[in-house]
Amino acid sequence: MAKKKTSQQPAPVKDKPQAPAQDQARTAAPARVTTVSLTTCLVSVVVALALGLCIGSMLPGFMDSRQAPVPRPQAAAPAQQPAQQQAAPQQQAKAGLSPELNSALLKLQEAVVKEPNKAENWIKLGNFQFDNQNPSAAVTAYENALHLKPGNANVLTDLGIMYRELHRFEDALKAFREAERVQPGHRNALFNQGIVLYYDLKRKDEAEAAWRKLLAADPNAHAPDGTPVSELIKHLH
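The structure contained in this document is the topic of the report that follows. Only a predicted model underlies this, so the values are computations on that prediction, with no experimental measurement involved. Every chain begins its residue count from 1, and numbering advances along the sequence as written. In view of the model being predicted, local features appear only for residues whose pLDDT reaches at least 70, and side-chain atom pairs are presented and counted only at 80 or more, with totals across whole chains, interfaces and linings using the full set of residues. The side-chain figures draw on all heavy atoms in the structure; neither hydrogens nor water molecules are used.

### Description of the packing of helix H4 (residues 119-131) against helix H5 (residues 135-148)
Close contact between H4 and H5 brings their axes to 8 Å; oriented N to C, the two are set at 160 degrees. As summarised for this structure, H4 and H5 are arranged roughly antiparallel, according to the angle between their axes. The crossing of H4 and H5 is left-handed. Of H5, the residues touching H4 (which contributes Ala119, Trp122, Ile123, Leu125, Gly126, Asn127, Gln129 and Phe130) are Ala137, Ala138, Ala141, Tyr142, Asn144, Ala145 and Leu148. Throughout this entry, Asp, Glu, Lys and Arg are counted as charged residues, while Ala, Val, Leu, Ile, Met, Phe, Trp, Tyr, Cys and Pro are counted as nonpolar. The remaining residues, Gly among them, count as polar. Residues that form the contact of H4 with H5 fall into these classes: eleven nonpolar, four polar and no charged. The axes used here are C-alpha line fits, helices contributing only the stretch in contact, and every angle between their N-to-C directions lies in the interval 0 to 180 degrees. To qualify as a helix, a DSSP run of H or I must reach at least 4 residues; to qualify as a strand, a run of E must reach at least 2; elements of each kind are numbered from the N terminus. An angle below 35 degrees is read as roughly parallel, one above 145 as roughly antiparallel, one from 65 to 115 as roughly perpendicular, and any other as oblique. Crossings are assigned a handedness: left-handed for a near helix turned anticlockwise from the far helix by less than a right angle, right-handed for a clockwise turn. The criterion used for residue contact is that any of the two residues' heavy atoms lie within 4.5 Å.

### Focus on the packing of aromatic side chains
Two rings from Phe, Tyr or Trp (for Trp, the six-membered ring) form a pair when their centres are within 6.5 Å of each other. A pair whose planes differ by under 30 degrees is stacked, one over 60 is edge-to-face, and the rest are tilted. The tally for this structure, following the rule as stated, stands at two aromatic pairs. Seen in terms of ring centroids, Tyr198 and Tyr199 are 4.9 Å apart; in terms of plane orientation they differ by 80 degrees. Their pairing is edge-to-face.

### Brief notes about the pattern of salt bridges
Salt bridges are defined by distance alone: a side-chain nitrogen of Lys or Arg within 4 Å of a carboxyl oxygen of Asp or Glu. Under the criterion given, the structure shown has ten salt bridges. Here Arg168 and Asp171 are joined by a salt bridge, their closest N and O atoms 3.0 Å apart. In this structure, Lys213 and Glu180 form a salt bridge, with 3.2 Å as the shortest nitrogen-oxygen distance. Of this pair, Lys213 sits in helix H9 (residues 204-217) while Glu180 sits in helix H7 (residues 169-182), and the two are 33 residues apart along the sequence. Only protein chains enter the accessibility calculation, which uses a 1.4 Å probe; a residue whose area is less than 20% of its type maximum is buried, one above 50% is exposed, and one in between is partly exposed. Judged by relative accessible area, which is 44%, Lys213 ranks as partly exposed. In the salt-bridge network here, residues are joined through shared partners; they are Glu170, Arg177, Arg203 and Glu206.

Here it is in C-alpha cells:
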C-alpha cells in the first residue's frame, strides 16, 4: 500500500515479551470473568480443545514492541478467583505443535494452575498462544491477566489484536482505546485503532483521527511494509 491505492491492508501492531518499559507495546476491556473450581475448568478446557474451539489464526504483528507493563491507574486483582480458574488450561499436548513447543506450553499451563493469581503467568501463556495462532486461548489468558492487574497497555493492545482475529471488532477497538487512554501516545494502540476503524468498521474519519494522533506522538511512524503513516492517511481520501 505504498503510494497507490490497494486493497491490501497493513498488518496490525504486535508486541513482544515484556522487557524494560518504553513507549510502545500490545492491549482491552477488563476481562469478563467468573469463578469456578479448578477441576471444572480443567475438564471444560479439555473438552473445548477436543471440539476444536480454540483453533484460530494469528495476524502477524508490526511494531517490535511487546514490552513491560505500564503504571496501572487501578488496583490489581480483586480478592476472588477470576476466570483464570474457569479457563485453567488443559494438561495435554496441543495438536500441530512441535514436541518442543508442546513442552513449553505444558510448562506455562502448569504455572497458571499452580499460581492462578499471578498475572505474569497468564501474560506469558497469552503471548505463547498469540504467537502460535490460537486467538481464543490468547484472549482468555490476556483477559485473566488484566482482571488481576488492569491497565497494562501492552497486554490490552495484544488482546485487541486477538479480538480482531476473532472478528470482535468493537471489542478490539475498545481494547486499543483503553491502551491509549492508560498510556497516551501508545503507538501500537493508535496504529491498530486505525486499521480496525478503516478496514473493519469502515469509519474513515475516526481512522484518520487515530493515525493523526499517532503522527503527533511519532512523526516517523510507519506501517510494517515501511509505508509512512502519513501516506496511509493520504490514501483515505
